[in-house]
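# Understanding the architecture of this molecule
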Amino acid sequence: MDINLEKLKDKALESIANAKDPKDLDDIRVSYLGKKGEITAVMQRLRELKEEERKEFGKTVNIAKSAIEEHIRLKQKKFGEKIIAEKFKREAIDVTLPSKKISIGHLHPCSIVYNDVRDIFEKMGYTVVTGPEIEYDEYNFEKLNIEKGHPARDEQDTFYINDKVLLRTQTSPVQARVMEKGKLPICIISAGRVFRSDSVDATHSPTFHQIEGLVVDKDISFTDLKGTLTTFAKAFFGENIKTRFRPHHFPFTEPSAEMDVSCFKCGGSGCRFCKNEGWIEILGCGMVNPRVYELCGLDKDKCQGFAFGIGIERLALLKYEIDDMRLLYENDVRFLKQFD
Ligand code: DAH
């Protein structure tokens, strides 16, 4: 037969070696081993040979065919490995990169502040009590020495439900509810939502939160009040904080005061944060007015005590240096995330 099998095999092996990609390789395979392939054609022509020659030549063709098949297999393997290597490279993961933080819920800044304040007072022996948000005028005003026509009523624009029932404007009615039970000593705090018909701006909201405190026993003095609230201020704002008490007026306490803390930004020398005052107002307080004991059924000659009221939002704004109260209510997660 006039076929140079060696040459054909070499040609095939060379093209296999030069195949660019799996598609190219498959075309080469078809061109030699496919139905109309060159090796297939040679095999078909074996019939033309005499038996002796056929056996001999058949062997050589088979060897050439196997060699081509083997080279194709190896080349396919190579391509396969290359594809996998490229895929690995493409999809490589840098396990040393910091992982994405899984975002789970966390406390609102007002809850954080409330929890802090509550913990401080609980450590001092206070018990937490609650009171209703829908309250009687009697508890919100009357029993706290704010009778009808009292100017203090105008200061706290009230949402009335009817002429006896309202949305509490302060947490102070809890004081009346506790005193009314008549059991001494009293040492409570009470936190919750209060309502005032104010329009919304950077420092006002129709609803906000307060923490009320009340201590009633025998021999409680203004010194106890000062010591307690100074201890609280230092625990909340830091040991270096100083406090001062300025005379003020609340109908349910006599004498009454407002407590300021030395500015925790400038240490008291005056800055923008404290409006150059060096002091920041934190809460209202005073010795329980004897008239309130009478109105709540306690013997005014047998008890003394003090009370205080703290605005939770105000504390949060100060502590986190937030300049607009609305941010606390809008629940924009970009804002809230900062308190995670
Ligand atoms: N209830 C007052 C307010 O809403 C805050 C307050 C002041 C409460 C003095 C007190 C207190 O118990 O003694 O403005």
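About the cut-offs
Residues numbered from 1 in each chain as written. Predicted model: local features only at pLDDT ≥ 70, side-chain atom pairs only at ≥ 80, totals over all residues. Heavy atoms only, no water. Helix = DSSP H or I, 4+ residues; strand = E, 2+ residues; numbered from the N terminus. Buried < 20%, exposed > 50% of the residue type's maximum accessible area, 1.4 Å probe, protein only. Contact = heavy atoms within 4.5 Å. Polar contact = N/O pair within 3.5 Å; in protein donor to acceptor, adjacent residues only side chain to side chain. Expected span 1.5 Å × (residues − 1). Arc of directions from axis to C-beta. Near = heavy atom within 4 Å. Areas by Shrake-Rupley, 256 points an atom, 1.4 Å probe, with all protein chains shown as cover. Axes fitted to C-alpha atoms, helices over the stretch in contact; angles between N-to-C directions. Parallel < 35°, antiparallel > 145°, perpendicular 65-115°, else oblique. Left-handed = near helix turned anticlockwise from the far one by under 90°. Nonpolar A, V, L, I, M, F, W, Y, C, P; charged D, E, K, R; others polar. Pairing = 2+ DSSP bridges. Phe/Tyr/Trp six-rings, centres within 6.5 Å; stacked < 30°, edge-to-face > 60°.

## Section: the environment of glutamate 313
Following the sequence through the fold, glutamate 313 ends up in helix α11 (residues 312–319). For glutamate 313, a relative accessible area of 1% corresponds to the buried category. With 199 residues separating them in the primary sequence, glutamate 313 and tyrosine 114 have C-alpha atoms 9.3 Å apart. Filtering out sequence-adjacent residues up to four positions away, glutamate 313 remains in contact with Cys110, Phe208, His209, Met325, Leu328 and Tyr329. Among the polar contacts made by the side chain of glutamate 313, one reaches the side chain of histidine 209 at a distance of 2.7 Å.

## Overview of helix α9 (residues 222–237)
Here α9 is 16 residues long and its end C-alpha atoms lie 22 Å apart, about the 22 Å a rise of 1.5 Å per residue gives. By the burial criterion, the buried members of α9 are Leu225, Thr228, Leu229, Thr230, Phe232, Ala233, Phe236 and Phe237. Residues of α9 that are buried in the fold lie against α5 (109–123), β6 (243–250), β7 (253–262), β8 (279–288), β9 (304–311) and α11. Downstream of α9 by one or two residues, glycine 238 has phi in the positive range, about 130 degrees.

## Examining helix α2 (residues 22–33)
Because each turn of an α-helix spans 3.6 residues, side chains separated by three or four positions in sequence point in the same direction. Given a rise of 1.5 Å per residue, twelve residues ought to cover 16 Å, and the 16 Å separating the end C-alpha atoms of α2 matches this to within 8%. Considered for burial, the residues of α2 that qualify are Asp24, Leu25, Ile28 and Tyr32. For α2, the angular spread of the buried residues around the axis is 100 degrees, confining them to a single face. The inward-facing, buried residues of α2 contact α1 (5–18), α3 (38–44) and α4 (51–90).

## Considering the site of the ligand
Taken together, 16 residues lie around the ligand, and Gln170, Gln175, Arg196, Gln210 and Glu212 are the ones closest in. Contact between the ligand and serine 172: a nitrogen atom at 3.0 Å from a side-chain N or O atom of the residue. Measuring from an oxygen atom of the ligand, one finds a side-chain N or O atom of glutamine 175 at 2.8 Å. Contact with the protein chains covers 91% of the free accessible surface of the ligand, which is 350 Å².

## Concerning the packing of α1 against α2
As a packed pair, α1 and α2 sit with axes 9 Å apart at the nearest point and diverge in direction by 165 degrees. Classified by the angle between their axes, α1 and α2 sit roughly antiparallel to one another. The chirality of how α1 crosses α2 is left-handed. In this structure, α1 uses Leu8, Lys11, Ala12, Ser15, Ile16 and Asn18 to contact α2, whose residues at the interface are Asp24, Leu25, Ile28 and Tyr32. Residues of the contact of α1 with α2, tallied by class, amount to six nonpolar, two polar and two charged.

## Quick word on unusual backbone geometry
Excluding glycine, residues mostly carry a negative phi; peptide bonds, for their part, are mostly trans. Cis rather than trans, the peptide bond between leucine 184 and proline 185 has omega equal to -5 degrees. The residue after glutamate 254, namely proline 255, is reached through a cis peptide bond having omega -5 degrees. Its place among the elements puts proline 255 in strand β7. Non-glycine residue aspartate 219 carries a positive phi angle of around 55 degrees. When you line up the elements, aspartate 219 lands in the loop between β5 (207–217) and α9. Aspartate 219 gets classed as exposed once you look at its relative accessible area, which sits at 68%.

## Describing the sheet that holds β7
Across the sheet, seven strands lie side by side as β1-β4-β5-β9-β8-β7-β6; this open sheet has mixed pairing. Edge positions in the sheet fall to β1 (127–128) and β6, since each has one partner strand and no second. Sheet analysis places β8 next to β9, joined by five bridges and oriented antiparallel. What sits directly across from leucine 283, in β9, is isoleucine 310.

## With respect to the packing of aromatic side chains
Inspection of the entire model under this criterion finds 14 aromatic pairs. Taking 6.4 Å as the distance between ring centres and 65 degrees as the angle between the ring planes, the aromatic pair formed by tyrosine 126 and phenylalanine 308 counts as edge-to-face. Of this pair, tyrosine 126 sits in the loop between α5 and β1 while phenylalanine 308 sits in strand β9, placing them 182 residues apart in sequence. As far as the burial class goes, tyrosine 126 and phenylalanine 308 line up, both buried. Aromatic side chains phenylalanine 222 and phenylalanine 245 sit 6.3 Å apart centroid to centroid with 75 degrees between the ring planes, which places their arrangement in the edge-to-face category. Linking phenylalanine 222 in helix α9 with phenylalanine 245 in strand β6, this pair joins segments that are 23 residues apart in sequence.

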